[in-house]
Each structure stands twice: as C-alpha cells, then as structure tokens.
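Letter by letter, the chains look like this.
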There are 2 protein chains.
Amino acid sequence: MDYFKESLSLHKRLKGKIKVVPKMDVRTKDDLSLAYSPGVAEPCKAIAANEETVYDYTIKGNTVAIVSDGSAVLGLGNIGAKAAIPVMEGKALLFKRFANIDAFPICLDTQDTEEIIRAVQIIAPVFGGVNLEDISAPRSFEIEERLQDLGIPVFHDDQHGTAIVVLAALVNAAKVVKKNIFDLKVVINGAGAAGIAIARLLRCVDNQDTDVCISVRSVIACDRKGIIHQGRTDLNTAKQELLKYSNPENKSGTLKDAIVDADVFIGVSSANILNAEDVKTMNRDAVIFALANPIPEIMPEEALKGGAAIVGTGRSDLPNQVNNVLGFPGIFRGALDARAKRITPAMKLAAAFAIADCVPNPTKEEVIPATLNEAVAYKVAEAVKAAAMG
Amino acid sequence: MDYFKESLSLHKRLKGKIKVVPKMDVRTKDDLSLAYSPGVAEPCKAIAANEETVYDYTIKGNTVAIVSDGSAVLGLGNIGAKAAIPVMEGKALLFKRFANIDAFPICLDTQDTEEIIRAVQIIAPVFGGVNLEDISAPRSFEIEERLQDLGIPVFHDDQHGTAIVVLAALVNAAKVVKKNIFDLKVVINGAGAAGIAIARLLRCVDNQDTDVCISVRSVIACDRKGIIHQGRTDLNTAKQELLKYSNPENKSGTLKDAIVDADVFIGVSSANILNAEDVKTMNRDAVIFALANPIPEIMPEEALKGGAAIVGTGRSDLPNQVNNVLGFPGIFRGALDARAKRITPAMKLAAAFAIADCVPNPTKEEVIPATLNEAVAYKVAEAVKAAAMG
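Residues numbered from 1 in each chain as written. Chains lettered and ligands numbered in written order. Predicted model: local features only at pLDDT ≥ 70, side-chain atom pairs only at ≥ 80, totals over all residues. Heavy atoms only, no water.

Digging into empty space enclosed by the protein
Test applied: With a 1 Å grid spanning the protein atoms alone, the term cavity applies to any set of points in which a 1.4 Å probe fits but cannot get out, the term pocket to an open set with protein on both sides within 12 Å along at least five of seven lines, and the term lining residue to any residue with an atom within 4 Å of a point. Grid points are joined across faces, edges and corners, and a volume is the space filled by probe spheres set on the points. Numbering of helices and strands runs from the N terminus; a helix is a DSSP stretch of H or I covering at least four residues, while a strand is a stretch of E covering at least two. Residues are sorted three ways: Asp, Glu, Lys and Arg are charged, Ala, Val, Leu, Ile, Met, Phe, Trp, Tyr, Cys and Pro are nonpolar, and all the rest, Gly among them, are polar.
The full count for this structure, using the stated rule, is five cavities of 30 Å³ or more. Every residue lining the largest cavity is counted, 14 residues in all, and those nearest its centre are R200, L201, D206, P345 and K348 of chain A. Broken down by secondary-structure element, the contributors of at least two residues to the lining of the largest cavity are α8 (157-176), α9 (193-202) and α15 (345-357) of chain A. The dominant element in the lining of the largest cavity, judged by the number of residues it contributes, is α8 of chain A, at four residues. Space inside the second largest cavity adds up to approximately 120 Å³. Lining the second largest cavity are H160, A163, A197, R200, L201, C204, V205, D206, N207, P345, K348 and L349 of chain B. Put simply, the parts of the chain that give the lining of the second largest cavity at least two residues each are α8 (157-176), α9 (193-202) and α15 (345-357) of chain B. In terms of residue class, the lining of the second largest cavity is made up of seven nonpolar, two polar and three charged.

Looking at the sheet that holds strand β4 (residues 129-132) of chain B
Strand-to-strand pairing in sheets goes through backbone hydrogen bonds, with the strands running parallel or antiparallel. Residue and element names in this part refer to chain B. What counts, and what does not: Whether two strands pair comes down to DSSP finding at least two bridges between them. A fitted line through C-alpha atoms represents every axis, and for helices the fit uses only the stretch in contact; the resulting angles, taken between N-to-C directions, go from 0 to 180 degrees. Any pair of residues with heavy atoms lying within 4.5 Å of one another is described as a contacting pair.
On the basis of which strands lie adjacent, the open sheet formed by four strands has the order β3-β2-β4-β5 and parallel pairing. Single-partner strands in this sheet number two, and they are β3 (102-107) and β5 (154-156). Between one strand axis and the next, the sheet turns through 25° on average, direction left out of account. Two strands pair when backbone bridges link them, and strand β2 (residues 63-68) and β3 are joined in this way by six bridges, in the parallel orientation. Bridge pairing in β3 links I66 to P105. Across the sheet, helix α7 (residues 139-146) touches β4 and β5, and the angle it forms with β5 is around 165°. The strands touched by α8 are β4 and β5; relative to β5, the strand with the most contacts, the crossing angle is about 75°.

Some remarks on the side chain of S68 of chain A
All names here are of chain A. Formally: We define a polar contact as two N or O atoms separated by no more than 3.5 Å, with the added condition that, inside protein, one atom must be a possible hydrogen donor and the other a possible acceptor, whereas residues neighbouring each other in sequence contribute only through side-chain atom pairs.
Within the secondary structure, S68 sits in strand β2 (residues 63-68). Within the local environment of S68, its side chain forms a polar contact with the backbone oxygen of D134, the two atoms lying 3.4 Å apart. Not counting residues within four places of it along the chain, the set of residues in contact with S68 comprises A84, M88, I106, C107, L108, E133, D134 and I135.

Comments concerning unusual backbone geometry
Stated formally: Throughout this description, buried means an accessible area under 20% of the type-specific maximum (1.4 Å probe, protein chains only), exposed means over 50%, and partly exposed covers the range between.
Look at the link from S37 of chain B to P38 of chain B: it is a cis peptide, with omega at 5°. On the secondary structure map, P38 of chain B appears in the loop between α2 (29-35) and α3 (41-49). Cis geometry is found at the peptide bond from A137 of chain B to P138 of chain B, where omega equals 0°. As for its position among the elements, P138 of chain B is in the loop between β4 and α7. Non-glycine residue D134 of chain A carries a positive phi angle of around 55°. With respect to the secondary-structure elements, D134 of chain A resides in the loop between β4 (129-132) and α7 (139-146). Taking the relative accessible area as the measure of exposure, D134 of chain A reaches 6% and is therefore buried. Residues other than glycine seldom take positive phi values, yet N320 of chain B does so here, at roughly 55°. One can find N320 of chain B in the loop between β11 (310-313) and α14 (328-338). Relative accessible area serves as the criterion here: at 4%, N320 of chain B is assigned to the buried category.

Quick notes on the relation of the copies chain A and chain B
In plain terms, the rule: When the copies are superposed, the least-squares fit takes in the C-alpha atoms of residues with a pLDDT of at least 70 in both.
You can overlay chain A on chain B at an RMSD of 0.1 Å; the transform is a turn of 180° with a shift of 0.0 Å along its axis. The superposition operator between the copies reduces to a two-fold rotation axis. Identified as the residue of chain A closest to the rotation axis by C-alpha distance is V20 of chain A, at 2.3 Å. A high fraction, 100%, of the interface residues of chain A reappear at the interface in chain B, so the copies pair face to face through one surface.

Things to note about the pattern of salt bridges
Close approach of charged atoms allows side chains with opposite charge to pair. To keep it simple, the criterion reads: Counted as salt bridges are all cases of a side-chain nitrogen of Lys or Arg within 4 Å of a carboxyl oxygen of Asp or Glu.
The full count for this structure, using the stated rule, is 56 salt bridges over all chains. For K91 of chain B, the salt bridge goes to E133 of chain B, with nearest N and O atoms at 2.9 Å. Of this pair, K91 of chain B sits in helix α5 (residues 80-99) while E133 of chain B sits in the loop between β4 and α7, and the two are 42 residues apart along the sequence. E133 of chain B gets classed as buried once you look at its relative accessible area, which sits at 3%. The salt bridge involving D234 of chain B is made with K225 of chain B; its shortest N-O contact spans 3.4 Å. A relative accessible area of 63% places K225 of chain B in the exposed class. One connected set of salt bridges, linked through shared partners, spans D223, K225, R232, D234 and K239 of chain A.

Considering α7 of chain B
Those residues of α7 of chain B that fall on the buried side of the exposure criterion are R139, S140, F141, I143 and E144 of chain B. Looking at the buried residues of α7 of chain B, the elements they touch are α6 (113-123), β4, β5, α8, α9 and α10 (237-242) of chain B.

Section: the interface of chain A and chain B
To be explicit about the condition: Joining two parts hides part of their accessible area as seen by a 1.4 Å probe, and the buried area is that hidden amount summed over both.
Across the contact, 91 residues belong to chain A and 91 residues belong to chain B. Buried area between chain A and chain B, both sides added, is near 9,400 Å², and the carbon and sulfur share of it is 70%. Of all residues in chain A, V20, Y36 and K82 of chain A bury the most surface against chain B, accounting for 8% of the area lost on that side. In this structure, R118 of chain A and E115 of chain B form a salt bridge, with 2.6 Å as the shortest nitrogen-oxygen distance. Here chain A is connected to chain B by 36 residue pairs in polar contact (both at pLDDT 80 or more). Of all the secondary structure elements, the ones that give two or more residues to the side of chain A that touches chain B are α1 (3-14), β1 (18-22), α2 (29-35), α3 (41-49), α4 (54-57), α5 (81-99), β3 (102-107) and α6 (113-123) of chain A. Ranked by residues supplied to the side of chain A that touches chain B, first place goes to α5 of chain A with 13 residues. Per-class residue counts for the side of chain A that touches chain B are 51 nonpolar, 15 polar and 25 charged.

If you want it as structure tokens, here you go:
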C-alpha cells in the first residue's frame, strides 16, 4: 500500500479523524432542562462551592490536551501549528483506541516559550492532563519543567514516552542476551528531547534517592558533531547537563569511536549512519535500537550481519517495533485514574516494567509487545496508578 | 421533575456530557500507518505547503471552540472557569444536536482581557470558529471586537445570539398585532451584553449603510438605576455609546416611566419587576419579552391581565420560549459552510428572518419556533450561508 497517497485521500474523505459527540440524547424539553438551562446550574454551583467536584460533574477527569506548537513534527521539522494538526488528531485517536481517553488537539500559534507556558496554564481547567508533543528542544524541556505545578500531569511524550518504551525493550533485550542491565554500556545517538530523556531514564537521574532506581553502567551521547564530552565548547545547557551523568571516561571522537565495546546502540536521530563493520566493533551480542523513522540508522539485516543479537526499529514492518503508543495511553490512563498531579519518575519506571512484562518470554525477535496489543495499555495503567498511589 | 436534583445526578453518572471519538477504526497496522506514522506526514506536508488545505485534511472546518472565563455564567455570576464547564459542555451538546458541529469547551483560567484575547489567538489553529460565552460586559465587547480579524468567525452568543432570536420573535409579534416594525417603540431593561446587542440590532446600528437594514422607531434602555439618558454621569463607555442610537427624546426616570406608551418591553435582567398596572400604561397590544431566567420580569398571566397581546419568556414551560438555541447552531453551521471569516450584520439579520420564517402563521402563542424544532438550524444555516456568500 502507498501509505502516503492513501493517507492523503483518507484525511480528505474524513475531514479530520476525530469528532465530539454527546454522551446523552437531547430529544425532549426535559433532556434540555437537565443538560442545559435551568438544571445545569446545579453542577456549576457544586463546583463553585468545591473545586474538586469538577472531576465528578465534568469531562475533566478523562480529558487530555495534546499540545503542540508544530516546531518539531515527526521527521518534518518546524511546519507550524496548522500543519501539525493531523499528527495531533492521530494521537487523539490512539488515546481513545488504547485507553478510552478523550483527547483533543490544541495546536498553538506561537513558538514563544513564555506564551506557550501561559497558554497551557490558561486553558487547563477543562483538562485532566496535558500531553506535550512535537515541541523542539531545548524549549520543550523548560516548558515541561515549568508546567509541573499545574495540578494535572504534564508529560512531554517525545521525551519520556520514548524513553519509557526504550527502557522496556532494553530490559527484555538484556534478559535475552543474558547480560545484567546494570552492566550495560550504552551509546545514544541524538541529544534532543528523546536522546536526553533516554539518557536520564537509563542512568536513573531523576530517581536516585528512591529505592526505585535501575541504572545502566554508562551512557555516551552523541550529536551531529560526535561524542558529547567535556572539551566541547558548543554545547547548550541541556547537553552540558548531560555530562553530569554520561561519558564518565570523557571519551571524545565520532559516533563510530563511541560504539567500540558498547553493548547497546540507541539511535533517535539520523538515517543510515552505521554499517555492519561498525557493529562488529561493539561488544558481543550487541543490542541495536535504530529508531530513526522511516529510515533507521541501520537496517536490521545489516546489523545482524555485523553480529548484533537484537535489532529494534520504529517501523511496523520490521520486528521489535519500538513505538510510543505502547506507553502514553496507559501512562495517562493510570495517572488520570489515580488523579495524580504529576507523572513521577516512579510512575515512569513502573510503566517501563509493565510494558516489558507484557512479553513473558522475550526472544530476539520479540523484546517488546506488538504495537496493537490491546492488553498493554491496561497493564501499564494499573502499574502507573499503583505507583502514583503508593 | 426536580431539574436541579436530577441534573446533579445525571452529570455525576455521565462524568460530563461529551466525548471525543474516532471517525475511523484503528485495528490493523495499515490503519495505524495511514492515520498516524508514517502516512500522516502527507496531509501535514500538504498543509505546510498550502495553509488553506487545513480545511480539507483536518477537523478545523467543523470545529468550534466554546470559550468562557466563567465571569458571567447563567444567573450564577462570576463562578470561574471550572464551575463554568458544565454550561459549556451543554452548549457543545446543542451544537452537535442541532447543527452537527464538533464543539469543545475551552474554559480560561484568567479574567484579564489581554490574556483572553491572546489565548484565543494562540489556540485558534484547530478551530473553524469561536463562540464566546458567559464573559462579563463590558470586557466581552472589547474581546469580541479585537478578535474579529482572527480569520475565523468569533461570535459572542450572549450578545448577538440573544439579539437575533429576540428580533425574530419581534418580527412575528409585529405581524400578529398588525403593527409595522419600523413604528415600534421599544424599552429594554438590562444594559449588559444582551441588552446592548438587542438595542444595536433593533436600531440597525451596524448595518446602516447597506440595503439590509430594518430599524424600530425608538429604543429606550434601562439599567438598575433607571433610564439611560444624557444626564447620567455613571455610565460606562458601552452605555454612553448606547445613547447615540437610543432614547432620542432624552427621557429620564425609572423603568416604569420608560414603558409608558411603549409598544414592546424586552427584559434581559431582573426577576419580577413589572406588574399588570405597569403593562396598562403601555401602548395597545403590548408585546412583552420577559427573558430573565428562571423567573421572568413579569409572569405571562400577570402581563396578559395588564392587556399585553403577546408574552414571551426564556422558559420552556411557557409559550413563546425565546431561546438562543434557535440561533447559534444554525449561525455557526452557515458560517462554517461558507467558510466565512466573520459573522457580519447581514448574516445576523438573515438568521433572524430565517428563524421568524420558521413560523409560517404566527399567533399570539407562537411567534417563535419551538426550541426543539430541528428544521430551524438548517434553515438558519442556509440563510446565513447565502448572506455570507453575498
């Protein structure tokens, strides 16, 4: 199937992928009097008297805003708010499909950090959570961080959603190759939103003082200029921060230098940058998650030729699809059900382990559950809810 | 039925009155590839290349934001954004029920005029129209006015929706009492959003240079302190402006002074302020629209005792219910279908006449169509669309 051509005609035929529908019929005067004037005054008064009852009488408790400024959409880059709408509608579809959450796309006609933060604060009353999406780094870090006190979960899926699903895949991959996850040397290519969040989660940066902490031995991150190390003078704040918990031996050089003796390669950036010869320089039974989309950093066939034990990509037509849809629906479902005020590091780890557990007997070709496996979101939701409550 | 008690339990059972649902199934990998990655890139690119195609590929063309800051909700006053949600959800229900429009409540956690204007501009990309609702005057005037260049219709329903439905009722009432609408002397009690918009529409203030203009002979507006006249020193800008097209003889005094010899009384403010003796001072065959809700300015029985020919209220249990739901669904339907950039005075007049025309043979007890008459919105939509297309 030609996805691109078909997708265009599908979108044109449907004129968008979601709709807003009533939960009740309005056929009679009584219906109208109950749903609207005069009866509606009663839930209004109840909420005015006690704000928390907004969760009892309105859609808030099951409604998530998918917020984007269109600055970093898929592989398309900064295409702006309107052009981002189809992606956000697609995301809304997945929220409903996998977690029965009512999600609505909010595409912002500004790329100013302060304006975005303020807009999200202002529109928050009707939402029970905010999924930040496709906002370019490093602005996305600040936006997410400064919205953590909003009183509802604010979660940048490109960061944490990706990191959670990668960790899930890594947990099972380690089992398959019989390595201890605490011993793994990991190289991450790409130091934007996803790369940094993966590094933080794998090094347990946000969770170190708790007993819920697993950490790989080392992470080395690379960007387009090669290894991120102390000697670099061109690093933004986020990349400088990264050095606190990565590259402990202060290696320098290119990506190809970085992966020598590494156990794991995680690519979240550019197509076609590794070959079989590179993989041969890695440790035995290397694990490769080549997540650049649609063209991965290395094709599975090539990676296996180089001796890789396990290869995952972002693609649905290849084994081990590492896809955010395994994470965000269940994460928000659990957070909403627990009425959590934020999504904590413990909740993120719980989500990762729940996803991993959905594959009871992982193999080289199945370290991660299938994207369309409906059980995943519900297991993730349970685990996240328990972590939120506990 | 005890609407208040029943309404509370209904809202609690449903947990809000609307939901967001997919227009398509996502069962297979192909579905996912078309609705989301990688296929979704194609409509995104098309919109990035030509912004106008956002109407072809997304929900924009059928989606309306119902925006409120909760500062003037029903008869409840300034109850804030969260407590306003049930009303906005109810409105969304009506948009769908009567005009198949996908409307979504946006309740703003600010009552600052500048912040509201900016927030609406910022969230506009996904919406094809904005229904401003329950925002207190005079801020609502400025907010609406300054958003007129947004590129999509921005319509304050409490003002224009009410005015349009009142004009429709008045057109038919004049026929029934065999008076020429151009000869009518009208008194309006209440000089907030609704009262001022009614005065402007009845005096054809926004439409005077066109051939689409009908105007009553005179309007006198009253507020809590009595007649609004030149000698008052306590008038806000909106009320000062009102004097340009009302009270031509500069009458002063109370509401009771105002209605002497008037043909029409329109109340949009306070319960129980007129009695039969007052109505007796009006012209023969007086028309009374006592729209305060739930308790009107005068009950129909009392008004008829005073010699009124026609009485309308806002209540569903009495004849001649003057209800905004006769207006806004069809007005937005027509505006969206025409892809109008604003709702012009000509479109408002077209809506009023279309509503009036839905009662082919008006009588004293039926000057306005029934609130649940499904044909109204479609006739209004047609008329509004035609007026928009010019």
